[in-house]
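Residue-level structural notes
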Amino acid sequence: MGRGYQAVCNECGTQVEVNDGPGMIAMPFRCEDCGKEWWWHFGPGGPMDKEPEPPPCECGGRFTSEAPPRCPKCRSTDLERDPGGYEVMYD
Ligand SMILES: [Zn+2]
Ligand SMILES: [Zn+2]
């Protein structure tokens, strides 16, 4: 199960939406360089025997499932969960 939540960048104060963890039919990948999201839609059969084929990011970076969330503005990884923000579960 994955979840989406709001975080705040400790560097510049930008509010960031973070999606974390796999859902039932798709999971978020992030660009290693800029943190942009790309969703891998593997469908209801699950990710097991499938290979993700992420496109190259427009910044030239690579989408992986391991990349940390980043601030879209300053690219910092120093994000703190917004205690007043929403959290949604998806699966
Ligand atoms: Zn920032
Ligand atoms: Zn990128």
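These notes cover the structure that comes with them. Because the structure is a prediction, the values reported are computed rather than measured. (Residues numbered from 1 in each chain as written. Chains lettered and ligands numbered in written order. Predicted model: local features only at pLDDT ≥ 70, side-chain atom pairs only at ≥ 80, totals over all residues. Heavy atoms only, no water.)

**Section: the coordination of the zinc ion (ligand 1)**
Donor atoms from the polypeptide that coordinate the zinc ion (ligand 1) comprise C9 (SG), C12 (SG), C71 (SG) and C74 (SG), at 2.3 Å from the metal. Taken together, the 4 donor atoms coordinating the zinc ion (ligand 1) and their angles of 104 to 117 degrees define a geometry best described as tetrahedral. In the primary sequence, the donor residues of the zinc ion (ligand 1) line up as C-x2-C-x58-C-x2-C. Linking C12 in the loop between β1 (2-9) and β2 (15-20) with C74 in the loop between β5 (63-64) and β6 (79-81), this pair joins segments that are 62 residues apart in sequence. The exposure class assigned to C12 is partly exposed, which follows from its relative accessible area of 39%. (Donors = N, O, S within 2.8 Å, 3.2 Å for Na, K, Ca; no water. Tetrahedral: all angles 85-135°; square planar, octahedral: opposite > 155°, others 65-115°. Helix = DSSP H or I, 4+ residues; strand = E, 2+ residues; numbered from the N terminus. Buried < 20%, exposed > 50% of the residue type's maximum accessible area, 1.4 Å probe, protein only.)

**Side note on the coordination of the zinc ion (ligand 2)**
Those protein atoms acting as donors to the zinc ion (ligand 2) are C31 (SG), C34 (SG), C57 (SG) and C59 (SG), and they sit at 2.3 Å. One way to put it: the 4 donor atoms around the zinc ion (ligand 2) meet at angles of 103 to 115 degrees, and that makes the site tetrahedral. Given the relative accessible area of 14%, C34 is considered buried. Assessed through its relative accessible area of 34%, C59 is described here as partly exposed.

**What about the packing of aromatic side chains?**
Scanning all chains against the criterion turns up 5 aromatic pairs. Ring geometry for F29 versus W38: centroids 5.4 Å apart, planes at 80 degrees, classification edge-to-face. Arranged with centres 5.9 Å apart and planes meeting at 75 degrees, the rings of F29 and W40 form a pair that is edge-to-face. A residue pair is termed long-range when its members are at least 10 positions apart, and F29 in strand β3 (residues 26-31) and W40 in strand β4 (residues 37-41) qualify at 11 residues. As far as the burial class goes, F29 and W40 line up, both buried. Each residue in the set F29, W38, W40, F42 and F63 is aromatic and connected to the rest through ring pairs, giving one cluster. Of note, R81 hangs over the ring of Y5, and the distance from its end group to the ring centre comes to 5.1 Å. (Phe/Tyr/Trp six-rings, centres within 6.5 Å; stacked < 30°, edge-to-face > 60°. Lys NZ or Arg CZ within 6 Å of the ring centre and 35° of its normal.)

**Thoughts on unusual backbone geometry**
Here R75, not a glycine, exhibits a phi torsion of approximately 65 degrees, which is positive. Within the secondary structure layout, R75 lies in the loop between β5 and β6. With relative accessibility at 41%, the residue R75 sits in the partly exposed group.

**Observations regarding the side chain of Q6**
Here Q6 is to be found in strand β1. Residue classification places Q6 among the buried residues on the basis of a relative accessible area of 15%. Only 3.2 Å separates the side chain of Q6 from the backbone nitrogen of Y86, close enough to count as a polar contact. Excluding its chain neighbours within four sequence positions, the residues that come into contact with Q6 are Q15, V16, R81, D82, G85 and Y86. (Polar contact = N/O pair within 3.5 Å; in protein donor to acceptor, adjacent residues only side chain to side chain. Contact = heavy atoms within 4.5 Å.)

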